[in-house]
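One letter stands for each residue in the lines below.
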Amino acid sequence: MKKLLIVLVSALSFLSVAPMTMAAESEVTWTNPDDYRDMRPGNTSTRKKFQAHVFEELEEHFAKLAAKLPESQKLVIDVTDVDLAGDVRIGTMNEIRIVKDIYHPRIEFSYKLVNADGSVATEDALNLKDMGFLQGSLMRYRNDTLGYEKKMLDDWFNKTFKAQIVKK
């Protein structure tokens, strides 16, 4: 009886994890990050720590987006420039990021959607920006770091890969 229980628990554990593995993966490359337009942290941390945090957040977000694609595909991203929403103001004791509509988020990157056989399903290079980022709804990311950037990437992804997105 004890062995049967162990087998059942193991099987259920496997089944609960299996759907998570049935998705495409992503690969993100950060080309010349020291030349990015806006990677300034304000007083919150050092530039390197802030940069690492931004990269981690965006890599995780690209992975979440790629998970919507068929498992046989891979989303390869090469980021060449980042300009975060807002602007860090210098001149006072506290450097803070001021978010106004004139400081819209922008990410320049190229992407490839690669099939399992290595062939490229689609690719493009673009300068993605959201000049109306303060006018839309941000309810989904209202408490998230880089919410404006994530929403902008969601809009791009859903429009670009509409036909490839797997309904779950």
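Worth saying up front: this structure is predicted, and the values here are computed from it rather than measured. Residues take numbers from 1 onward in each chain, read along the sequence in its written order. The predicted origin of the model limits local features to residues at a pLDDT of at least 70 and limits the giving and counting of side-chain atom pairs to 80 or more, whereas totals for whole chains, interfaces and linings rest on all residues. Values shown for side chains rest on all heavy atoms present in the structure; no hydrogens or waters enter the calculation.

Colleague: Describe the pairing of strand E5 (residues 106-114), and please don't skip the residues or the numbers.
Modeller: In terms of strand pairing, strand E2 (residues 74-83) meets E5 through nine bridges, oriented antiparallel. Bridging from a neighbouring strand, Asp 78 pairs with Ser 110 of E5. Two strands qualify as a pair provided DSSP detects at least 2 bridges between them. What counts as a helix is a DSSP run of H or I of at least four residues, what counts as a strand is a run of E of at least two, and both are numbered from the N terminus. Pairing geometry for E5 and strand E6 (residues 120-129), over nine bridges, is antiparallel. The residue bridging Arg 106 from the neighbouring strand is Lys 129, located in E6. The antiparallel hairpin formed by E5 and E6 contains five residues in its connecting segment, where Gly 118 sits at a positive phi of about 90°.

Colleague: Could you give me a rundown of unusual backbone geometry, with the residues and numbers involved?
Modeller: Even without being a glycine, Asn 32 presents a positive backbone phi close to 50°. Note that Asn 32 resides in the loop between strand E1 (25-30) and helix H2 (47-66).

Colleague: I'd like a description of the packing of aromatic side chains, backed by residues and values.
Modeller: Pairing of aromatic rings covers Phe, Tyr and the six-membered ring of Trp, with a centre-to-centre limit of 6.5 Å; geometry is then stacked below 30 degrees between planes, edge-to-face above 60, and tilted otherwise. Considering all chains together, one arrives at 11 aromatic pairs under this definition. Centre to centre, the rings of Trp 30 and Phe 55 are 4.0 Å apart; their planes meet at 10°, and the pair counts as stacked. Placement of the pair is Trp 30 in strand E1 and Phe 55 in helix H2, with a sequence separation of 25 residues. Across this residue pair, the class does not change: Trp 30 and Phe 55 are buried. A ring pair is formed by Phe 109 and Tyr 111, whose centres lie 6.5 Å apart and whose planes are at 50°; its orientation type is tilted. Exposure classes here rest on a 1.4 Å probe applied to the protein chains alone. A residue is buried below 20% of its type maximum, exposed above 50%, and partly exposed in between. Accessibility expressed as a relative area gives 5% for Tyr 111, which makes it buried. By way of ring pairs, the aromatic residues Phe 62, Phe 109, Tyr 111, Trp 156, Phe 157 and Phe 161 are connected into one cluster.

Colleague: How would you summarise the nonpolar core if you had to cite specific residues and measurements?
Modeller: Take the buried residues of types Ala, Val, Leu, Ile, Met, Phe, Trp, Tyr and Cys, join any two whose side-chain atoms come within 4.5 Å, and each joined set is a nonpolar core. Counting residues in each nonpolar core, the largest one holds 31 residues, and the members touching the most others are Leu 75, Ile 77, Val 79, Phe 109, Trp 156 and Phe 161. Mapped onto this core, the elements with two or more residues apiece are E1, H2, E2, E5, E6 and helix H3 (147-160). If you tally residues by element for this core, the top one is H2, at seven residues. Sequence-distant contacts of Val 79, that is, excluding residues within four places in its chain, are made with Val 28, Thr 29, Trp 30, Thr 31, Tyr 36, Ile 107, Glu 108 and Phe 109. Should any heavy atoms of two residues lie within 4.5 Å, those residues are counted as being in contact.

Colleague: Go over the side chain of Asp 81, please, and point to the residues and values.
Modeller: Secondary-structure assignment places Asp 81 in strand E2. For Asp 81, a relative accessible area of 8% translates into the label buried. In this structure Asp 81 touches Asp 35, Tyr 36, Arg 37, Arg 106, Ile 107 and Glu 108, once residues within four positions along its chain are discounted.

Colleague: Give me the sheet that holds E5: which residues, what numbers.
Modeller: The strand order E1-E2-E5-E6 describes an open sheet built from four strands, whose pairing is mixed. Each edge of the sheet is formed by a strand with only one pairing partner; in this case those strands are E1 and E6. Across the sheet, the mean angle separating the axes of adjacent strands is 15° when strand polarity is ignored. The convention used is that axes are lines fitted to C-alpha atoms, helices contributing only their stretch in contact, and that angles between N-to-C directions extend from 0 to 180 degrees. Across the sheet, H2 lies against E1, E2 and E5, angled at about 150° from E1, the strand it touches most. Running over the sheet, H3 touches E2, E5 and E6 and is turned about 35° from E5.

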